[in-house]
Amino acid sequence: MLPETLQWRDDALVLLDQRVLPGDVRYLVCRDVETVAVAIETLAVRGAPAIGIAAAYGMVLAARVGGRNALASAEERLARTRPTAVNLFWALERMLAKSRSVGDATLAEGLLDEAVRIHEEDVAMNRAMGANGATLLPQRCAVLTHCNAGALATGGYGTALGVVRAAIRMGKDVRVYADETRPVLQGARLTAWELREEAIPVTLICDGMAGALMASGRVDAVIVGADRIAANGDVANKIGTYGVAVLARHHGIPFYVAAPTSTFDPSLPHGAAIPIEERNGEEVRSFGGVRTAPEGIPVWNPAFDVTPGALITAIISEESVTFPPYRFGAAEKDVGKL
Ligand code: MRU
């Protein structure tokens, strides 16, 4: 059975430390907002929905330690951790709104209720999204995925991998190919591990093998998650996603994005407006403490890229399956706030 990605236990946020998977199953106990912020920055917790949930619990910790006066600086610190996943800002906004609606005596308790609600809603959205997306897959198929958009990246169940789980539960015969996902290897370390834990058939490939795999006729569909979806359907997701989408179009393979409404950002007209995080070049120059490139060699290391909506066959949310041309409005975002 998969361990929980995030838990609220004994007045602390307990995170499954994804930096050390798959070698070690270890937990990181966060008792203050700074520990949560560093956990997000260093990828102990990662994946757009999971980052949002962690930040929500971070606000609870801030209120418990410093009361109402601590909330503004906690929000500012958490908002500075990672810029691309809009779920982070969406969750912080919900927590601030909640803080304005409760009195000082019940502040920490009210915020904990809201964080738990964000967490539980995420799992429910993933299950509904899975059911919506599973209908798109053939009875017997192989799905290619990029990065990790599974239980580890969310409150549980997953987005792209939630679709796979739901299809299998429906009785479909689904096998997964996982891109290793350079440079941080979320595909190799996390997706391969998560699926293996549940005995879902998975085959690992290097990122550069995706074209050959598609040309060989082995892939029936691609499903990925998202970090932010602009009003026109452009999707920011893990670096390398764009290349996979271009390859899928070339080979006539459907390319699906699965994301909850908390990942939609209709305030941005198109993907060029999405802030893309650039990470330390050491992630590319070395891995696990082993140097894999000349010391100090210049590196460009964007953590995400933008796939144009025109390359996306359908966008699956808990609400619906939407086909191009995409025109998302404020309503998509509001659903997650109910
Ligand atoms: O840098 P990461 O590991 O946080 O990037 C994660 C992704 O790009 C996921 O595909 C995305 O957040 C969707 S997770 C359901």
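Rules used in this analysis
Residues numbered from 1 in each chain as written. Predicted model: local features only at pLDDT ≥ 70, side-chain atom pairs only at ≥ 80, totals over all residues. Heavy atoms only, no water. Phe/Tyr/Trp six-rings, centres within 6.5 Å; stacked < 30°, edge-to-face > 60°. Helix = DSSP H or I, 4+ residues; strand = E, 2+ residues; numbered from the N terminus. Buried < 20%, exposed > 50% of the residue type's maximum accessible area, 1.4 Å probe, protein only. Lys NZ or Arg CZ within 6 Å of the ring centre and 35° of its normal. Near = heavy atom within 4 Å. Polar contact = N/O pair within 3.5 Å; in protein donor to acceptor, adjacent residues only side chain to side chain. Areas by Shrake-Rupley, 256 points an atom, 1.4 Å probe, with all protein chains shown as cover.

Engineer: Tell me about the packing of aromatic side chains, residues and numbers included.
Structural biologist: The tally for this structure, following the rule as stated, stands at three aromatic pairs. When the centroid spacing of 4.8 Å and the interplanar angle of 85° are considered together, the rings of F264 and F328 count as edge-to-face. Taken as a pair, F264 in strand 11 (residues 264-265) and F328 in the loop between strand 16 (321-322) and helix 11 (330-335) lie far apart in primary sequence, 64 residues in all. Given a relative accessible area of 7%, F328 falls into the buried group. For the pair Y326 and F328, a centre-to-centre distance of 5.7 Å together with 15° between the ring planes defines the contact as stacked. The buried category is assigned to Y326, whose relative accessible area is 5%. An aromatic cluster is present here, built from F264, Y326 and F328 joined pairwise through their rings. In this arrangement the basic side chain of R127 is found over the ring face of Y157, its NZ or CZ atom lying 4.4 Å from the centre. Positioned above the aromatic ring of F304, the side-chain terminus of K238 is 4.4 Å from the ring centre.

Engineer: Lay out unusual backbone geometry with the relevant residues and their values.
Structural biologist: Of the consecutive residues R182 and P183, the connecting peptide bond is found in the cis state with omega at 0°. Cis geometry is adopted by the peptide bond preceding P325, which originates at P324 and carries an omega value of 0°. Looking at where P325 falls in the secondary structure, it is placed in the loop between strand 16 and helix 11. The phi torsion at C147 lies on the positive side, around 65°, for a residue other than glycine. Of note, C147 is situated in the loop between strand 4 (140-145) and helix 6 (160-169).

Engineer: Describe the site of the ligand, listing the residues and the values that go with them.
Structural biologist: Taken together, the neighbourhood of the ligand is formed by 17 residues, with R46, A48, R82, N237 and K238 sitting nearest. In this structure, an oxygen atom belonging to the ligand sits 2.9 Å away from a main-chain N or O atom of G47. With respect to the ligand, the side chain of Q186 contributes an N or O atom lying 2.9 Å from an oxygen atom. Alone, the ligand offers 420 Å² of accessible surface; in the complex the protein occludes 99% of this. Elements represented by at least two residues in the shell around the ligand include exactly helix 2 (48-66) and strand 9 (235-238).

Scope: geometric values only; no functional claims are made or implied.
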